[in-house]
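Spelled out from the first residue to the last, the chains are:
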Amino acid sequence: MKKIFKYMGGVVLSVFALTACSPDDYASPNGNNVPKAADYADNVEINVVQDENTAYFTFKAANGVSPVWIIDGSQYSGDFTAKKYQRKAGDYSVDLMVKNANGVSTDMLTFNYHIDKTRMNGFGGFDAESSDNLFNGATMTQASYYYATGGDWHDPGVPLAISTRGQDISVTIPVGTEQRWQCQVPFETNISTTASDDVTYDFSCILTSNKDFTAMVKFTNPNDDNDFYFAEEQDVKAGEPVCFYMTEMPSRNIENLKLFFDFGGCPDATEVSIENLVFIEHSKNPIVAPEKGEPEPVWRENENLWDDANPTLVPGYYAPGWSQIPDPTVTIDGGVISISLPQATYERWQAQVPFETSLGITDTTQEYDFLAVVESNASFKAMFKLTDASDDNNFFFAKEQDLVAGGETRVVVRQCTLGAPAEKMKLFFDFGGNPNNTEIKITKIILQTHKE
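Quick caveat: nothing in here was measured; it's all calculated off a predicted structure.

Scoring rules and cut-offs
Residues numbered from 1 in each chain as written. Predicted model: local features only at pLDDT ≥ 70, side-chain atom pairs only at ≥ 80, totals over all residues. Heavy atoms only, no water. Pairing = 2+ DSSP bridges. Helix = DSSP H or I, 4+ residues; strand = E, 2+ residues; numbered from the N terminus. Axes fitted to C-alpha atoms, helices over the stretch in contact; angles between N-to-C directions. Buried < 20%, exposed > 50% of the residue type's maximum accessible area, 1.4 Å probe, protein only.

Draft legend 1. Spotlight on the sheet that holds strand S30 (residues 438-449). Overall, antiparallel pairing links the five strands, which are arranged S22-S23-S30-S25-S28 in an open sheet. Each edge of the open sheet carries a strand with a single partner, namely strand S22 (329-333) and strand S28 (408-416). Ignoring which end each strand starts from, the neighbouring axes of this sheet average 20° apart. Both strand S25 (residues 368-376) and S30 contribute to a ladder of nine bridges, which runs antiparallel. Bridging across to S30, Ala 372 finds its partner in Ile 445.

Below, the structure is given as structure tokens:
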């Protein structure tokens, strides 16, 4: 069985490790024959796969010469094809030196590439590419901003730097502000809505800042500042993208909605990016947002205990009407678990799919966080249980959660503990209550120690 979402670490290679041999005969390295990187610019190919947020760096073969890639200034690779995953949208670069048996080039080439979208560790918002997203095809024009600082609201003397790429926005704030509304960045749109009793709306965007502070997002009537869909604050943490979202807002009669971002209260030299703007009718939105309240933990995929749990599918229990039939078909492909349930069940525990692991828990005072991302073609309530493999009553959690047809459900359990030590853990998915021909996909599993 393949591990789920195995973390791929970088390969560290000393720049000065000479792994390639020159075809020429020589008695000792000749400093006069060290290659120049500039001579090999045409040997480089950079390919960015935006769906993967991954850049691939290829050095085409050259006689007696091999690459030294320097990625993000600290990660080295001597592979002819190297790659780098970037979670956050933005502009990045990779440096190249070349080497042969005589040494490493003293010059360096730099190649730039761009990542279009940020991939979230937690809830990532609604589908910005949806044809029902009202920001798609809409016009969005930057309006005059307002920027002041201090208790007297004086002009900082330097302007904001605001740039856009499509409908993604970047704002640089050179001088910090102290109060709400001291750094207003508005955008006019041609998005209009009509009040209707049976229509509600969802909104989301991703905010990323290089500094900690609390931002404000407001979507309002351009002619009446008190007539708005929302005016809500959102904490942002340095370097950690966060999703701001609102759901099931009653529709309103507003023409040409105006979108405000207010960064009042930010420190000096704050940089904020806004991406993946979505405004969509709730009935047309297949993605279910987590309930607001306690936020999801920050998921640390490089510390995912599930990667080393060696999960193994074991016989389950598939019993519509409590009469056992063959287990459902389960396939694992590239870290995605697919489960086919051809026959309906009617009660809890009638469609159990268990995975045994080698993961042992000895510290019962340690708190853990759990995430499973689940897609379903049917709406019903499922059960998720992580338990001691030898004692079903000694478990981290047993949580029921609604699955929504065509949507993505994030099953999140925070700060769970185990009652007694367990030599091995067992993860149960129970789909009892499923309709005929149910198809399930589990696209991500994370188990990590809890950190504040």
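On we go from here.
Draft legend 2. Structural detail: the pairing of strand S18 (residues 258-262). In terms of burial, S18 is a largely internal element, five of the five residues being buried. By the alternation rule, side chains of S18 split into Lys 258, Phe 260 and Asp 262 and Leu 259 and Phe 261, which are all buried. Two strands pair when backbone bridges link them, and strand S13 (residues 183-189) and S18 are joined in this way by five bridges, in the antiparallel orientation. By the bridge assignment for S18, Gln 184 is matched with Asp 262.

Draft legend 3. The arrangement of the sheet that holds strand S17 (residues 242-250) in detail. One open sheet holds the five strands; their spatial order is S11-S12-S19-S14-S17, and the pairing between them is antiparallel. Edge positions in the sheet fall to strand S11 (161-165) and S17, since each has one partner strand and no second. For this sheet, the mean inter-axis angle between neighbouring strands, taken without regard to orientation, is 20°. With eight bridges joining them, strand S14 (residues 200-209) and strand S19 (residues 270-281) adopt antiparallel strand pairing. Note on S19: the bridge partner recorded for Asp 202 is Ile 280.

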